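An overview of the molecular structure
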Amino acid sequence: MTRAESSGLRLNLTLALLIIVLAVISLMVGPAALSPREALVGLFGGDGAAAIIVRDIRLPRTLLAILIGATFGLAGAALQGLLRNPLAEPALFGAPQAASVGASFVIAYGLAGATSFAVPVAGIAGALVSIGGLVAIAGRRASLSVTLLAGLALASLAGAATALILNLAPTPYAALEIAFWLLGSLEDRSVDHLLIATPFFVASWLLLALNVQAFRALTLGEDAAASLGVDVGRTRLMVVIGVALGVGASVAVAGSIGFIGLVAPHLVRRAVGSDPARVCLPATLMGAVLLIAADIGVRLVPANPNATAVEIKLGVVTALIGVPFFLAMIFRERRLLDGAPS
Amino acid sequence: MTAKPKLDAAGVVVRLGDALIVDGAALDLRAGELTVLIGPNGAGKTTLMRALAGLIPAEGRIDIDGRSLSALTIRERARRIAYLPQGHVFHWPMPVADVVALGRYPHADAFSMPTDDDRHAVKKALAATGTETFANRPVTTLSGGERARVALARALACEAPILLADEPTVSLDPRHQLVVMELLARAAHDGGAVLAIGHDLALAARFADRIVIMDRGRLVADGKPRDVLTAERIASVFGVEAVMTDDAIGPHPILLRPL
């Protein structure tokens, strides 16, 4: 085993352990605090109040945090691998915003219940348009500035479209409901949410995992990768669809949660020698760690009891942490952004 | 030179949009031969090479070992043709050894571990290019000359019978230009069919077994350096006044002034 391989293995094991520990904490934390023992007894048996709280309220939420965080971590690593660009992230490409357009349209006009498959499907369609559009615009060279500018434009367009849907919402309650849902939260999510989103997450992971080796070859650029036997067009299509499936389904059940895809790969990249293939697994695990930690965080921060929302919104927390992080990365990559092709 | 060519192309036409970039090129590449393709900027050299590598669609006939290029799977093609694009691009700061190991990509399955053959080929490519001393350094921290050698090592690690190299010596200092050309010549004399695009006529004259000259989409000359590089042709193709000297080492063009 090379040094990068053994440090990668150690990292993956540590992150997996961390997910388990955080998951147990996540089952304990909430308005009714439980001890680790109560939480585990409630999870694996028993039929008291603790069992109901753990199994019906906190378990779906915890599992969704793991699945969504992992999906965003992998989606970020995959987009970065495809575009050879450490600043690539679904939220910067307007993907969650565009998914929100699709999903909020369905919800605002009552076309379907909030836990029907129509919501993730509409979200996926929105995400597909934005990521597909971005990859098409960024094109073969995928320069940093073109990619980010196109992402900015698509995100703005999606934001405007969502605002339009809010403006035209049939009732103010519908508008308020969508506005809060858009901020991103895992509060009060049920097993139904888990069931409608999971098939799309699994499909997303499979599509992205199949292309992991291609990301490594793409470090040489698209022509060299193609000459090595990578079907670049197919890889691009599979990544676009894979990311759209994951982001669309996430947004459909949890609203807009950003920046996990940017932060997670960055935190683990050095440990695996910057290898865009080897970064994928730890980035996936790190994404789960980050989101479950953030979701524990929103439950620990006391919110104003008179406000409409009981908790700080999860999407707000990830953006508050993610955006300064992003700015710091731009600061470091300034030289690349100053016109030099990436 | 009677062996069957590794790569045999005729009537190759490439259009990009409405523009005719390559206009009926015929070219064969033989094992043991270093062919250098020269021509002015915009002559279509890179486009022709990308067509020969199967990276862009082209009309005409391109055969690899007697089989049509378009009939090969992408993987079969990758094992037969190593392609070194311009610019020596490395997007991620991966260790040099891992970059060179990418040359083994066509030989591996998606999830298979490196075999002894793979390790041997990587080691050989690192040694041949003198890059083993910095095999563990991130490739993005290297100088231009070092990066060029790593890029070449990656292409050599493919161990493909055909090697296509687009401007492998560009932006290198004189010593590294010679190092890279010697490596290409050695790859050819070890049995490879090597085609390199170049701009330095003296370098081409010094190392090429064969020179092919391209001008405005057409191949206008193909032969031994001594026969192909003449003052008249340099004037008509490159618009440069030159005198040719010739000695025991070979023909040397001396470029005087633009016409």
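As a starting point, this report considers the structure included with it.

Conventions we followed
Residues numbered from 1 in each chain as written. Chains lettered and ligands numbered in written order. Predicted model: local features only at pLDDT ≥ 70, side-chain atom pairs only at ≥ 80, totals over all residues. Heavy atoms only, no water. Helix = DSSP H or I, 4+ residues; strand = E, 2+ residues; numbered from the N terminus. Rg over C-alpha atoms; globule rule 2.2 N^0.38 Å. Buried < 20%, exposed > 50% of the residue type's maximum accessible area, 1.4 Å probe, protein only. Contact = heavy atoms within 4.5 Å. Lys, Arg positive; Asp, Glu negative; His and termini not counted. Charge placed at Lys NZ, Arg CZ, Asp CG, Glu CD. Phe/Tyr/Trp six-rings, centres within 6.5 Å; stacked < 30°, edge-to-face > 60°. Patch = residues over 30% accessible without salt bridge, like charges linked within 9 Å, V, L, I, M, F, W, Y side chains within 5 Å. Areas by Shrake-Rupley, 256 points an atom, 1.4 Å probe, with all protein chains shown as cover. Salt bridge = Lys/Arg side-chain N within 4 Å of Asp/Glu carboxyl O. Buried area = accessible area lost by both parts, 1.4 Å probe. Pairing = 2+ DSSP bridges. Axes fitted to C-alpha atoms, helices over the stretch in contact; angles between N-to-C directions. Parallel < 35°, antiparallel > 145°, perpendicular 65-115°, else oblique. Nonpolar A, V, L, I, M, F, W, Y, C, P; charged D, E, K, R; others polar. Expected span 1.5 Å × (residues − 1). Core = buried A, V, L, I, M, F, W, Y, C linked by side-chain atoms within 4.5 Å.

**A word on the overall build of chain A**
A count of helices and strands for chain A gives 15 helices and zero strands. Over its C-alpha trace chain A gives a radius of gyration of 20 Å, about what one expects of a compact globule, namely 20 Å for 342 residues. Projected onto its principal axes, the C-alpha coordinates of chain A cover approximately 60 × 55 × 35 Å. Counting all 342 residues of chain A, 56% fall into the buried class. Intrachain contacts of chain A at a sequence separation of at least 6 include 77% that bridge at least 24 residues. In chain A, the 21 positive side-chain charges and the 17 negative ones have mean positions that sit 10 Å from each other.

**A short note on the packing of aromatic side chains**
All names here are of chain A. Enumeration according to the criterion identifies one aromatic pair over all chains in this entry. Relative to Phe-326, the ring of Phe-259 has its centre 6.5 Å away and its plane inclined at 45°; by these criteria the two rings are tilted. With Phe-259 in the loop between helix 11 (232-254) and helix 12 (260-269) and Phe-326 in helix 14 (residues 314-332), this residue pair connects regions lying 67 residues apart in the sequence. For the residue pair Phe-259 and Phe-326, the accessibility class agrees, reading buried in each case.

**What about a nonpolar patch on the surface?**
Residue and element names in this part refer to chain A. A contiguous nonpolar surface patch, about 490 Å² in accessible area, is contributed by Leu-183, Val-301, Ile-312, Val-316, Leu-320 and Ile-321. Mapped onto the elements of the fold, Val-316 is located in helix 14. For Val-316, a relative accessible area of 31% gives the class partly exposed.

**Considerations on the interface of chain A and chain B**
Every contact between the two is made by 30 residues of chain A and, on the other side, 25 residues of chain B. When the area that chain A buries against chain B is broken down by residue, the three leading residues are Thr-219, Leu-220 and Leu-228 of chain A, summing to 27%. For the interface between chain A and chain B, the tally reads two salt bridges. A salt bridge links Asp-223 of chain A to Arg-50 of chain B; the nearest nitrogen and oxygen atoms lie 2.7 Å apart.

**Notes on unusual backbone geometry**
All names here are of chain B. Phi at Glu-159 is positive, roughly 50°, even though this residue is not glycine. Relative to the assigned elements, Glu-159 resides in the loop between helix 5 (144-157) and strand 7 (162-165). Of note in the backbone geometry, Glu-167 takes a positive phi value of approximately 45° without being a glycine. Tracing the sequence through the fold places Glu-167 in the loop between strand 7 and helix 6 (174-189). In this structure Glu-167 comes out as buried when scored by relative accessible area, which is 12%.

**Quick word on the sheet that holds strand 5 (residues 67-68) of chain B**
All names here are of chain B. One open sheet holds the four strands; their spatial order is 2-1-4-5, and the pairing between them is antiparallel. Only two strands of the sheet have a single partner each, and these edge strands are strand 2 (19-29) and strand 5. By the bridge criterion, five bridges tie strand 1 (residues 7-16) to strand 4 (residues 59-64) in an arrangement that is antiparallel. Across the sheet, residue Ala-9 finds its bridge partner in strand 4, namely Ile-62. Relative to the sheet, helix 1 (residues 45-52) contacts strand 1, strand 2 and strand 4, its axis offset from that of strand 1 by approximately 120°.

**A short note on the packing of helix 2 (residues 36-44) of chain A against helix 3 (residues 49-83) of chain A**
All names here are of chain A. One way to put it is that helix 2 packs onto helix 3 with a least axis distance of 7 Å and a crossing angle of 80°. What the angle tells us is that helix 2 and helix 3 run roughly perpendicular. From helix 2, Glu-38, Ala-39, Gly-42, Leu-43 and Phe-44 reach across to helix 3, where they touch Ala-50, Ala-51, Val-54, Arg-55 and Leu-59. Considering only residue class, the contact of helix 2 with helix 3 consists of seven nonpolar, one polar and two charged.

**A few points about helix 13 (residues 280-300) of chain A**
Relative to the 30 Å expected for 21 residues at 1.5 Å per residue, helix 13 of chain A spans 30 Å between its end C-alpha atoms, a close match to the ideal helical length. With respect to burial, helix 13 of chain A is a largely interior element, 16 of its 21 residues being buried.

**Examining the pattern of salt bridges**
All names here are of chain B. A full pass over the atoms with the stated rule returns 24 salt bridges over all chains. Measuring nitrogen to oxygen at the nearest pair gives 3.6 Å for the salt bridge that ties Arg-61 to Asp-8. Pair noted here: Arg-61 is in strand 4 and Asp-8 is in strand 1, with a separation of 53 residues, a long-range link. Classification of Arg-61 by relative accessible area gives partly exposed; the value is 37%. Judged by its relative accessible area of 25%, Asp-8 is partly exposed. For Arg-61, the salt bridge is made with Asp-63, and the minimal N-O distance between the two is 2.9 Å. Connected through shared salt-bridge partners, Asp-28, Arg-30, Glu-33, Arg-210 and Asp-222 make up one network.

**A look at the nonpolar core**
Ranked by internal contacts, the top residues of the largest apolar core, which has 185 residues, are Ile-68 of chain A together with Leu-34, Leu-52, Val-100, Val-150, Leu-164 and Leu-184 of chain B. For this core, the leading source of residues is helix 3 of chain A, giving 14 residues. Apart from residues lying up to four places away in sequence, Val-100 of chain B is in contact with Val-122, Ala-125, Leu-126, Val-150, Ala-153, Arg-154 and Ala-157 of chain B. Counting five residues, the second largest nonpolar core, distinct from the first, contains Leu-27, Leu-34, Ala-39 and Val-54 of chain A.

**Observations regarding the environment of Ser-204 of chain A**
Residue and element names in this part refer to chain A. Mapped onto the fold, Ser-204 is located in helix 8 (residues 191-209). Considering only alpha carbons, one finds Ser-204 and Met-238, 34 residues apart in sequence, at a separation of 9.1 Å. Those residues in contact with Ser-204 that sit more than four places away from it in its chain are Thr-71, Gly-242, Leu-245 and Gly-246.

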